[in-house]
Amino acid sequence: MNSLEQAEDLKAFERRLTEYIHCLQPATGRWRMLLIVVSVCTATGAWNWLIDPETQKVSFFTSLWNHPFFTISCITLIGLFFAGIHKRVVAPSIIAARCRTVLAEYNMSCDDELMLHYMIGAILESVKE
């Protein structure tokens, strides 16, 4: 395989990686927004639960029953974590880290947008010769 074909293959590989990451971005953004909303709801409900004077006077389960907003948002947050939202929120970063690991074996690297960093100048110089 000559240098020109290698350069074209690297460019095609880079385009496919960046396409895949950009395809993940909208879904990742929605998962992040959902996590933020549920976290804020849980924090707000926890604040209201903690400042309620009745919370200290009744049993734990009764206090949860008296604050359904906190209870539901807390259960939702726990359910989201069990469903793997923590992986979905950072999926592009996980893919970029795994690509860096594999590319390091070939003396290449990539940034968070999966733009390859390689000696393109050296490849193009060898093509000209």
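Cut-off values and rules
- Residues numbered from 1 in each chain as written.
- Predicted model: local features only at pLDDT ≥ 70, side-chain atom pairs only at ≥ 80, totals over all residues.
- Heavy atoms only, no water.
- Helix = DSSP H or I, 4+ residues; strand = E, 2+ residues; numbered from the N terminus.
- Contact = heavy atoms within 4.5 Å.
- Axes fitted to C-alpha atoms, helices over the stretch in contact; angles between N-to-C directions.
- Left-handed = near helix turned anticlockwise from the far one by under 90°.
- Expected span 1.5 Å × (residues − 1).
- Buried < 20%, exposed > 50% of the residue type's maximum accessible area, 1.4 Å probe, protein only.
- Arc of directions from axis to C-beta.
- Core = buried A, V, L, I, M, F, W, Y, C linked by side-chain atoms within 4.5 Å.
- Phe/Tyr/Trp six-rings, centres within 6.5 Å; stacked < 30°, edge-to-face > 60°.
- Lys NZ or Arg CZ within 6 Å of the ring centre and 35° of its normal.
- Polar contact = N/O pair within 3.5 Å; in protein donor to acceptor, adjacent residues only side chain to side chain.

Draft legend 1. Here's a closer look at the overall build of the protein. For the protein, the count of helices and strands is seven helices and two strands. Reading the protein from its N end, one meets helices and strands in the order α-α-α-α-α-α-β-β-α. Of the contacts made within the protein by residues no fewer than 6 positions apart, 62% connect residues no fewer than 24 positions apart.

Draft legend 2. Structural context of the packing of helix α1 (residues 3–51) against helix α4 (residues 68–82). At their nearest, the axes of α1 and α4 sit 8 Å apart, and the two run at 145 degrees to each other. Here α1 and α4 pass one another in a crossing that is left-handed. Between α1, through Trp31, Leu34, Leu35, Val38, Ser39, Cys41, Thr42, Thr44, Gly45, Ala46 and Trp49, and α4, the contact on the second element is made entirely by Phe69, Phe70, Ser73, Cys74, Thr76, Leu77, Leu80 and Phe81.

Draft legend 3. Focus on helix α6 (residues 91–104). With 14 residues, α6 extends 20 Å between its outermost C-alpha atoms, agreeing within 8% with the 20 Å of an ideal straight helix rising 1.5 Å per residue. The complete set of buried residues in α6 reads Ala91, Pro92, Ile95, Ala96, Cys99 and Leu103. For α6, the angular spread of the buried residues around the axis is 130 degrees, confining them to a single face. Facing away from the buried side of α6, by more than 90 degrees, are the exposed residues Arg98 and Thr101.

Draft legend 4. Region of interest: the environment of Ala27. Secondary-structure assignment places Ala27 in helix α1. A sequence separation of 64 residues divides Ala27 from Ala91, and the C-alpha atoms of the two residues are 9.8 Å apart.

Draft legend 5. View of the nonpolar core. Of all hydrophobic cores here, the largest spans six residues; its members are Leu35, Val38, Leu77, Leu80, Ile85 and Val89. Elements supplying a minimum of two residues to this core: α1, α4 and α5 (85–89). Here Val89 is in contact with Thr28, Trp31, Arg32 and Leu35, once residues within four sequence places are set aside. Leu17, Ile21, Ile95 and Cys99 belong to the second largest nonpolar core, which has five residues in total.

Draft legend 6. Up close: the packing of aromatic side chains. One pass over the structure, following the stated rule, counts three aromatic pairs. Here the aromatic rings of Phe60 and Phe61 are separated by 5.3 Å at their centres, their planes lie at 70 degrees, and the arrangement is edge-to-face. On the basis of relative accessible area, Phe60 is assigned to the partly exposed category, the value being 48%. One aromatic cluster in this structure is built from Trp49, Phe60, Phe61 and Phe70. Between Arg88 and the ring centre of Trp31, over which it is positioned, the NZ or CZ distance is 5.0 Å.

Draft legend 7. Representation of the side chain of His67 in the model. Inspection of the secondary structure assignment puts His67 in the loop between α3 (60–66) and α4. Take His67: its relative accessible area is 13%, and that puts it in the buried class. Side chain to side chain, His67 and Asp52 meet in a polar contact 3.0 Å long. Beyond its immediate chain neighbours, meaning those up to four positions away, His67 contacts Asn48, Trp49, Asp52 and Thr55.

Draft legend 8. Expanded view of the environment of Ala91. Turning to its location among the elements, Ala91 is positioned in helix α6. On the basis of relative accessibility, which here comes to 19%, the residue Ala91 falls in the buried class. Along the primary structure Ala91 and Ile21 are separated by 70 residues, whereas in three dimensions their C-alpha atoms are 8.9 Å apart.

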